[in-house]
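Chains, contacts and geometry: an overview
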Amino acid sequence: MGILKDLIIKLGLDSSGVDKGVNQAGGSLDKLKGMVGKVGAAMGIAFGVSELINFGKEIVSIASKTEGVKRAFDRLGMPSLMNELKQATRGAVSEFDLMKTAVSANNFKIPLESLGSYLEFATRRAEETGQSVDYLVDSIIMGIGRKSPMILDNLGISILDIRNEMEKTGDMAKAVANIINKEMASAGSAVDTAATKFGQLSASWEDFKAALGAGLSEGSKSPISWLNS
């Protein structure tokens, strides 16, 4: 098992938990080794003994944070929403962040049927401006939810255009949706940039850690007890 075997020994976990985490993440042990090597080379990560222990703590911590968010996301009752949002962001945002975004949008009473369009627009703007996809996704949800043209200005949405559309619709979410539809109609086909591809790698890595952490938690009698060791 290589890295995973060392991790199991150091953390005292049941290997079945690791197997489940790997399966949930949709990968094999060889795929994990390849991903670790690729990410490590890109980010300068060296997995020695102490790094393995810290990595184990990190992934279980991520899993514990993900658990509550996933429950809230599942309560939305839209099983196809995750795939829709992943397609909209072209895989450049982790599932955890997409779940948080959807839950926040729902709390702000933003129509979830339009969420994919909002995130697709934010992704395109990120590619065009070099800004973080996560930052612009947060901006569009916060901007609409708080009815703040100043926040939406982060995405290059004109305050004047928002005011004009608000006069027609009387609703911030509908006004922004109309502006986005006009912008996207003239934007042309999307092309993955180097930044998008790196975002996809980063999101895949975060998704893998969350799934593996969930498996490790189930494979440990006391998965949180060693976090403070």
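Residues numbered from 1 in each chain as written. Predicted model: local features only at pLDDT ≥ 70, side-chain atom pairs only at ≥ 80, totals over all residues. Heavy atoms only, no water.

**Things to note about the nonpolar core**
The biggest cluster of nonpolar side chains holds 39 residues, and the ones touching the most others in it are Leu-115, Tyr-118, Ile-140, Ile-144 and Leu-152. Those elements that place two or more of their residues in this core are α4 (49-74), α5 (81-88), α6 (95-107), α7 (115-129), α8 (133-145) and α11 (172-185). The greatest single-element share of this core, amounting to 7 residues, is contributed by α11. Ranked by size, the runner-up nonpolar core spans 6 residues in total, among them Ile-59, Trp-205, Phe-208 and Leu-212. (Core = buried A, V, L, I, M, F, W, Y, C linked by side-chain atoms within 4.5 Å. Buried < 20%, exposed > 50% of the residue type's maximum accessible area, 1.4 Å probe, protein only. Helix = DSSP H or I, 4+ residues; strand = E, 2+ residues; numbered from the N terminus.)

**Remarks on the environment of Lys-147**
Relative to the helices and strands, Lys-147 is located in the loop between α8 and α9 (149-152). Linking Lys-147 and Met-172, residues 25 residues apart in sequence, is a C-alpha distance of 6.2 Å. Sequence-distant contacts of Lys-147, that is, excluding residues within four places in its chain, are made with Met-142 and Met-172. (Contact = heavy atoms within 4.5 Å.)

**Some points on the packing of α5 against α6**
Packing of α5 against α6 brings their axes to within 10 Å, and their N-to-C directions diverge by 110°. Taken together, α5 and α6 sit at an angle that is classed as roughly perpendicular. Like other packed secondary-structure pairs, α5 and α6 cross with a definite hand, here right-handed. Contacts between α5 and α6 involve Leu-81, Met-82, Leu-85 and Lys-86 from the first element and Glu-95, Leu-98, Met-99 and Ala-102 from the second. (Axes fitted to C-alpha atoms, helices over the stretch in contact; angles between N-to-C directions. Parallel < 35°, antiparallel > 145°, perpendicular 65-115°, else oblique. Left-handed = near helix turned anticlockwise from the far one by under 90°.)

**Some words on the confidence of the model for the protein**
With 68% of its residues at a pLDDT of at least 70, the protein reaches an overall mean of 77. Here helix α1 (residues 3-11) is the element of the protein with the lowest mean pLDDT, 45, and α6 is the one with the highest, 96. Confidence drops under a pLDDT of 50 for residues 1-15, and excluding neighbours within four residues, the segment shows 31 contacts in the predicted structure. Overall, residues 220-229 carries pLDDT values under 50, and its contacts beyond four positions in sequence, including any with other chains, amount to 12 contacts. (pLDDT = per-residue confidence, 0-100.)

**Description of the side chain of Thr-123**
Structurally, Thr-123 is set in helix α7. Here the side chain of Thr-123 touches Leu-119 through a polar contact of 2.8 Å, landing on its backbone oxygen. When sequence neighbours within four positions are dropped, the list of residues in contact with Thr-123 reads Ala-88, Thr-89, Arg-90 and Val-133. (Polar contact = N/O pair within 3.5 Å; in protein donor to acceptor, adjacent residues only side chain to side chain.)

**Things to note about α5**
Along an α-helix, residues three or four positions apart point the same way, because every turn accommodates 3.6 residues. Taken residue by residue, α5 has Leu-81, Met-82, Leu-85 and Ala-88 as its buried positions. For α5, the angular spread of buried residues about the axis comes to 125°, placing them on one side. Exposed residues on α5 whose side chains face more than 90 degrees from its buried face are Asn-83 and Gln-87. Once α5 ends, the next one or two residues include Arg-90, with phi positive near 55°. (Arc of directions from axis to C-beta.)

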